[in-house]
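Close look at the chain arrangement
The primary structure of each chain is shown beneath.
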Amino acid sequence: MEKYIDIFLNSYSGYLNYLKNEILYWKWDNYFYGLIAISLVVWFLEIVFPWRKQQAIFRKDFWLDLFYLFFNFFLLNLILLIALSNVMEQFINDILHVFGLELMSIQLFSISELPKPLALLVFFIISDFIQWNVHRLLHSVPFLWKIHKTHHSVKEMGFAAHFRYNWMEPLVYKSILYIPIILIGGVNLQDVFIVHFISIAIGHLNHANVGWDYGFLKYILNNPKMHIWHHSKKMPNKYGANFGISLSIWDYIFKTNYIPSDGRDIELGFDDENEFPKDFITQEIYPLKK
């Protein structure tokens, strides 16, 4: 156990220097300016093409969500991505060594053998399907729902609401997502970067104040008109619907899609939201409270 803790802690070393370089030196795969660029573009679309015209540009909890955006992306997501990847890789290697196996021996195939566009598409589809299943767990397992409540505490949708989630949520997502990455093999950091930012762009749009569904592509891509119903206070069943992250096709395949009408003005939230804390710190520790 001490070995894994050391790996986790050592993964943090040098991260501040990395973040400083991200801010000071621009390059095409820059996480810092990539996130800002996507956020500004989607916010601009909200302002020019507002779905809920009465909603203020600086909507309810705009600044709280903006803080979540930077906190979760830079101080949580990237660090966890690095740290958990290192820990999980060592953990799985240790288990395999017990049985006399190597990591390469359990890989189903390597996407590095495929043409680049096809490799990225395969990685995108597999990772999205895994996240769709994790998202369903977040709604059906009581403790995981306590974690996920932070995201559903949004009362007015906007692009930055995409990153309003509890610090434990990416622990769940990243831990499970690392398994298929190992099994398919051949995934490099450049692939992760491209897929990650495609997912961010789609996620920002899903939460934005724009009334789009992309026509016939709505059966493949998640979209604002579909995702708004995922945040509806009134749902058709106990565990919710429309669990798609980037792709909506999983909901149509597994019959978890739900768009009964135009959802522009529906009430968002959940039944006991009045008992849910309003500030960042209390929201972060909420799942740990009885």
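Refer to the structure above for everything that follows.
Rules used throughout
Residues numbered from 1 in each chain as written. Predicted model: local features only at pLDDT ≥ 70, side-chain atom pairs only at ≥ 80, totals over all residues. Heavy atoms only, no water. Helix = DSSP H or I, 4+ residues; strand = E, 2+ residues; numbered from the N terminus. Buried < 20%, exposed > 50% of the residue type's maximum accessible area, 1.4 Å probe, protein only. Areas by Shrake-Rupley, 256 points an atom, 1.4 Å probe, with all protein chains shown as cover. Salt bridge = Lys/Arg side-chain N within 4 Å of Asp/Glu carboxyl O. Axes fitted to C-alpha atoms, helices over the stretch in contact; angles between N-to-C directions. Left-handed = near helix turned anticlockwise from the far one by under 90°. Contact = heavy atoms within 4.5 Å. Nonpolar A, V, L, I, M, F, W, Y, C, P; charged D, E, K, R; others polar.

Right, let's get into the overall build of the protein chain. Across its full length, the protein chain holds eleven helices and zero strands. Secondary structure elements of the protein chain occur, N-terminal to C-terminal, as α-α-α-α-α-α-α-α-α-α-α. Looking at the protein chain residue by residue over its 290 residues, the buried ones come to 48%. In the structure as shown, the protein chain presents an accessible area of about 15,000 Å², 68% of it carried by carbon and sulfur atoms.

Now for unusual backbone geometry. In this model, tyrosine 214 sits at a positive phi of 70 degrees, which is unusual for a non-glycine residue. Take tyrosine 214: its relative accessible area is 28%, and that puts it in the partly exposed class. Even without being glycine, asparagine 242 reaches a positive phi, approximately 55 degrees. Counting through the fold element by element, asparagine 242 comes out in the loop between α9 (224-230) and α10 (249-253).

Turning to the pattern of salt bridges, a few remarks are in order. Applying the stated criterion across every chain yields a total of nine salt bridges. Note that glutamate 267 is salt-bridged to lysine 233, the shortest N-O span being 3.4 Å. Of the two residues, glutamate 267 is situated in the loop between α10 and α11 (280-285) and lysine 233 in the loop between α9 and α10; the sequence distance between them amounts to 34 residues. Judged by relative accessible area, glutamate 267 falls into the partly exposed class, the value being 46%. For lysine 233, a relative accessible area of 24% puts it in the partly exposed group. Of the charged contacts in the structure, one is a salt bridge between arginine 264 and aspartate 265, with a shortest N-O distance of 2.9 Å. Arginine 264 sits in the partly exposed class, given a relative accessible area of 35%.

Remark: helix α5 (residues 116-140) packs on helix α7 (residues 169-184), axes separated minimally by 10 Å, with the N-to-C direction vectors making an angle of 145 degrees. In terms of crossing hand, the pair formed by α5 and α7 is right-handed. In this structure, α5 contributes Phe123, Ile126, Ser127, Ile130, Gln131, Val134, His135 and Leu138 to the contact, and α7 contributes Glu169, Val172, Tyr173, Ile176, Leu177, Pro180, Ile181 and Ile184. Of the residues in the contact of α5 with α7, the class split is twelve nonpolar, three polar and one charged.

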